[in-house]
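Geometric and topological summary
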Amino acid sequence: MKKVALVFVLAVFVPSLVLAWLAVRSLRDQQFVLERQQSLLYQGVADSVAREAANLIAEHQREFARQVEALLANDKPIDVANSFDDRIREHWLLADVGFVVSLEGQVYSPLLFERGRPQARQFRLENDRFLCSRESVQVYWNSPKGPINLSPADDKKSETDEGSSAQSPTANSPAFSSAVGKYSKEQKVARNVEPQQTQQTVDKQAYSKVAPSEAEFRQLVGDSTEGTVARFLQNKLNLMFWYRSPRDPQLVFGALINLPRLTESLQNLVKGDAESLRGEICVALLDDNARPVAALPWKNQGNWKRPFVATEIGEALPHWESAVYLLNPAKLSRSAAALKLTLGLLIALLVLAIGVGGWLIVLDLKRQLTLARQKTDFVSNVSHELKTPLTSIRMFSELLADGRVTDKEKQRSYFNIITAETARLTRLINNVLDFSRLERSEKKYNITKCDLLYAVRETVGTYRPHLEAGGFKLECDLPASPLFVNGDRDALAQIVVNLLSNAEKYSGERKEARVEVRQQSQPLAHIEVRVLDRGLGVPKGCEEKIFEQFYRAHDSLSSGIQGSGLGLTLARQIARAHGGDVTYEPRQGGGSCFVLRLPASPNSTANERE
Ligand code: ADP
C-alpha cells in the first residue's frame, strides 16, 4: 500500500500540482498576452496608415518631377530656372516657394529681393548657405534609393544620448556613406510619443528610427536625381522636394512644400482603417509636436502622446506618427480579468477533480487490497474449519469401525459427535455456496407467506440438543400466535442458525443463549428475532465491520475460534433481500444481541401455517 501511495504521489499528485502551479503562473501573463495580441493587430493598422502616408508623399514627389519636366519641355532650362518660383506655384498648389540652385552653388530662383514676396526672401535668408553648400545643417534626407542618415545630431526636440554609439538602421546606403563618412557619429533620438506597447516590450523602439544628419546640400544630392529634405527652423518643419532633370543635370529644381495643404491630402488616409475597427480604436495622424492633424473617431480627452501603438511616417515627415488609441482601455483589462477568472476556476476545478479522483482511487485500491488479504485469510480459515470436523469424524468413525469401543453409552456419544461435526460441515459448505451464489447474483429465493415463529421454533428445536450437549443453557421467549412474513423459509432459518452458531462459538465462559421473537408496530409493522448471548461481545468500532465479507473481529490465531467471516454477511444479505436487516447491539450486562428485523406480512393475524 505504501508503494502504491508513493507511486500515486510521484506519478499523479506531484505532476498535477506542478502543472497547476505552471498554469497559475501563466495566468499572471494573460493581460500581457492579450495586450500583445491587440498590439500586433493595431500595429498593423498604424503601419498601414504610415505606409500610405509615405506613399502619398512619394506620389507628390513624382508629381513635382512631372511639373518640372512639363515646364522644361516648353522653355530653355535657364529661363525656367530664373522664373521657377512663380511658375511652379502657378501650376502646382503644394509649392510654397520654388527654388533652383546649380551644383556649383548658384541660386537662380527665387530672387532675393522679389517684390511682394517676403516669403521668398525669408526662404533665401534661411536656406541660401545650405543650398549653396556653404554650410552643413541638420537635415532629414530621403531619396528613391532609400533614406540615408548622415550624422544625427541634436534635433530641435531630441533628447540626445551623447555616449551612445548605436548604429541607425537607416545609415547603410553604400552610395552615400562614402560621401559622408566623416559624419558617422550617431545618436539616439527620443520619439515624440511613448507607445504603451513598444515601451513595455521592446525598449529600443521608444527611440526614433528617424535621426537628423548634418550635411551640405551638395552632399545630399550626390548622384541622385530626386529626393526630399526636411529640416527644422525655429521649431517649424520645412519640407522640400528636389529634382534634377536629364535636360540639365547641373540644375536642381526644388520646392518648399505648403504643409497645411499636404496635411489636407494626408487627412483622408485616416478614414479607411478607422471604419473597419469602429468602436474599438481611434486612428490618428500626429504632427511633429504630437498634435493630431487627423483622427477618427475624434478622441476628446486623453494624452495624445500615449497611444496604444504608433508608427513613424519616416524621413519625409520626421517625427510625424500614425497612432492608434484604445477607445476603451479598461475593456482590455476587463477581458483579461474575466479570462483569468475563467481559467483560474477551470484550473482549480481540474486540480480538485484530480485530487478527488486520486483520493477515490486510493480508497478503492485500499479496499481491494484489504479484500485480497481477507480472501487469502478466508481460504486458510475455511481449510482450517473443514479440517477440524473432518479430523474428529475420521477419528471417531475409525474407533467405531474397529469395534474397539464396546460401551453403548460411548458409542452413542461418538455418533452424536460425528452427527454434530457433519452438521457443522454442512453449515459451512452451505454458507460458502450461498455466498458465491449471492456474489454472482444467482441466489434464488422461494418467497411464500410463512410463519416466522414456526421457522424459528423448528430451527431452535433442531439446534437445542447440540447446544445442550455442549453445556449450553438455551432460553426461548416466543409468542403463542403465529407471525407471518413473506419470505423464503429455508433462507430465514439459515439466518437463525448462523446467529445461534455464533452465539455458541463466541460464548466464552458463560454458556447462555436466548432467543426472543416479538411483533413490533413502530415505525412499521415488523417482526424482530433477537439472538442473545453472554459471550465475548463485539469489540468497539467493529459493530458494522463484522457484516463485511470475510471480516473477523476475533481472528482464529488470537482467539482460537474457527470461522470464515461469511455467516453475518450472508445473514444480512438474506435479510435485506427480504426487505429487513440484521443488526448488532451490545447486550446489557455483557454479551451480544443480534436482531433480525423483517416486515410483517399485511395479514399476519391469519391462522395460516406453512
Ligand atoms: P465467522 O465465521 O468468523 O463467525 P461471521 O460472519 O459469522 O463469521 O462473524 C463475523 C465476526 O463477527 C466474527 O468473526 C466475530 O468476530 C464476530 N461475531 C459474530 N457473532 C458474534 C457473537 N455472538 N459474539 C461476539 N462476536 C461475534
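Above this text is the structure in question.
In this report, we go over the structure that sits alongside the text. (Residues numbered from 1 in each chain as written. Predicted model: local features only at pLDDT ≥ 70, side-chain atom pairs only at ≥ 80, totals over all residues. Heavy atoms only, no water.)

1. Some remarks on the overall build of the protein
We count it as follows: Starting at the N terminus, helices and strands are each numbered in turn, a helix being any DSSP run of H or I of at least four residues and a strand any DSSP run of E of at least two. Three exposure classes are used, based on accessible area relative to the maximum for each residue type with a 1.4 Å probe and protein chains only: buried under 20%, partly exposed in between, and exposed over 50%. The contact definition used throughout considers only heavy atoms, calling two residues in contact when any of these lie within 4.5 Å. Each accessible area value is a Shrake-Rupley result obtained with a 1.4 Å probe; residue values ignore everything except the protein chains displayed when judging cover.
Secondary structure assignment for the protein yields 16 helices and 18 strands. Within the span of the protein, comprising 610 residues, buried residues form 46% of the whole. Of the contacts made within the protein by residues no fewer than 6 positions apart, 70% connect residues no fewer than 24 positions apart. Carbon and sulfur atoms make up 55% of the accessible area of the protein, which amounts to about 31600 Å² in all.

2. So, the packing of aromatic side chains
The cut-off we apply is this: Working definition: a ring pair exists when centres of Phe, Tyr or Trp rings (six-membered ring for Trp) sit within 6.5 Å. Plane angles under 30 degrees give stacked, over 60 give edge-to-face, the rest tilted. The rule for a charge over a ring is simple: NZ of Lys or CZ of Arg within 6 Å of the ring centre, and within 35 degrees of the ring normal.
Tallying each qualifying case throughout the model produces 16 aromatic pairs. Between Phe 64 and Trp 92 the ring centres are 5.5 Å apart and the planes differ by 40 degrees, which places this aromatic pair in the tilted class. Residue Phe 64 is found in helix H2 (residues 30–74), and its partner Trp 92 is found in the loop between helix H4 (84–91) and strand E1 (95–102); the two are separated by 28 residues along the sequence. With relative accessibility at 6%, the residue Trp 92 sits in the buried group. Seen from their ring centres, Phe 130 and Phe 217 are 5.6 Å apart, and the 70 degrees between their planes marks the pair as edge-to-face. With a gap of 87 residues between them, Phe 130 in helix H5 (residues 118–131) and Phe 217 in helix H8 (residues 217–221) connect regions that are remote in the sequence. Residue classification places Phe 130 among the buried positions, given a relative accessible area of 0%. Of note, Arg 572 hangs over the ring of Phe 547, and the distance from its end group to the ring centre comes to 3.9 Å.

3. Observations regarding the sheet that holds strand E9 (residues 292–296)
Pairing between sheet strands relies on hydrogen bonds along the backbone, with the strands arranged either parallel or antiparallel. Basically, it comes down to this: Strands are treated as partners if at least two bridges between them are detected by DSSP. Convention adopted: a line fitted to C-alpha atoms gives each axis, helices being fitted over their contacting stretch, and angles between N-to-C directions are expressed from 0 to 180 degrees.
If you walk across this open sheet you meet the 4 strands as E9-E8-E11-E10, and the pairing is antiparallel. Two strands bound the open sheet, and with one partner strand each, they are E9 and strand E10 (309–314). Sheet twist, expressed as the mean angle between neighbouring strand axes with direction ignored, is 15 degrees. Inspection of the sheet shows strand E8 (residues 281–286) paired to strand E11 (residues 317–326) by 6 bridges, in the antiparallel sense. From the neighbouring strand, Val 283 faces E11, where its bridge partner is Val 324. Across the sheet, H2 lies against E8, E10 and E11, angled at about 15 degrees from E10, the strand it touches most.

4. Describing the site of the ligand
Put simply, the test is: Proximity is defined per residue: if any heavy atom of the residue lies within 4 Å of a molecule or strand, that residue is considered near it. Side-chain atoms alone can form a polar contact between residues adjacent in sequence; in general such a contact is a pair of N or O atoms within 3.5 Å, and within protein one must be able to donate a hydrogen while the other accepts it. When residue character is reported, Ala, Val, Leu, Ile, Met, Phe, Trp, Tyr, Cys and Pro are called nonpolar, Asp, Glu, Lys and Arg charged, and the others, Gly included, polar.
Among the 19 residues in the neighbourhood of the ligand, the closest are listed as Tyr 506, Arg 552, His 554, Ser 564 and Leu 568. Asp 533 places a side-chain nitrogen or oxygen 3.0 Å from a nitrogen atom of the ligand. Relative to its unbound accessible area of 530 Å², the ligand is 98% covered by the protein chains. Elements with a contribution of two residues or more to the shell around the ligand: helix H14 (489–505), helix H16 (567–577) and strand E18 (592–599). Tallied by class, the residues present in the shell around the ligand amount to 8 nonpolar, 8 polar and 3 charged.

5. Comments concerning the pairing of E8
The element E8 is extensively covered by neighbouring structure, given that 6 of its 6 residues are classed as buried. Burial of the side chains of E8 extends over both faces: Ile 281, Val 283 and Leu 285 are buried on one face and Cys 282, Ala 284 and Leu 286 on the other. As paired elements, E8 and E9 share 4 bridges and run antiparallel to each other. Across the sheet, residue Val 283 finds its bridge partner in E9, namely Leu 296. Where E8 folds back on E9, the antiparallel hairpin that results is connected by 5 residues, among which Ala 290 adopts a positive phi of roughly 60 degrees.

6. Quick notes on the pattern of salt bridges
Which entries qualify depends on this criterion: Salt bridge, as used here: a side-chain nitrogen of Lys or Arg that lies within 4 Å of a carboxyl oxygen of Asp or Glu.
Taken as a whole and assessed by the stated rule, the structure comprises 35 salt bridges. We note a salt bridge from Arg 124 to Asp 128, for which the minimum N-O separation is 2.7 Å. Within this pair, Arg 124 and its partner Asp 128 are both found in helix H5, separated by 4 residues, close to a single helical turn. Using a relative accessible area of 15% as the deciding quantity, one classes Asp 128 as buried. Put simply, Arg 597 and Glu 528 hold a salt bridge, and the shortest N to O gap is 3.1 Å. One end of the pair, Arg 597, is in strand E18; the other, Glu 528, is in strand E16 (residues 526–533), with 69 residues separating them in the sequence. Arg 597 sits in the partly exposed class, given a relative accessible area of 26%. What makes Glu 528 buried here is its relative accessible area of 6%. Each of the salt bridges in this network shares a partner with another, and the network as a whole consists of Lys 473, Glu 475, Asp 477, Arg 514, Glu 516 and Arg 518.

7. Considering the sheet that holds strand E15 (residues 512–520)
The 5 strands are arranged E13-E15-E16-E18-E17 in an open sheet whose pairing can be described as mixed. The open sheet terminates on both sides in strands that have one partner only, identified here as strand E13 (473–477) and strand E17 (581–586). Strand-to-strand twist of the sheet, defined as the mean angle between neighbouring strand axes without regard to direction, takes the value 15 degrees. As paired strands, E15 and E16 are joined by 8 bridges and run antiparallel to one another. Looking across to E16, one finds that Glu 516 is bridged to Arg 530. Here H14 sits on the sheet in contact with E13, E15, E16, E17 and E18, set at roughly 25 degrees to E16. Most of the contacts of H16 go to E17, to which it runs at about 130 degrees, and overall it touches E17 and E18.

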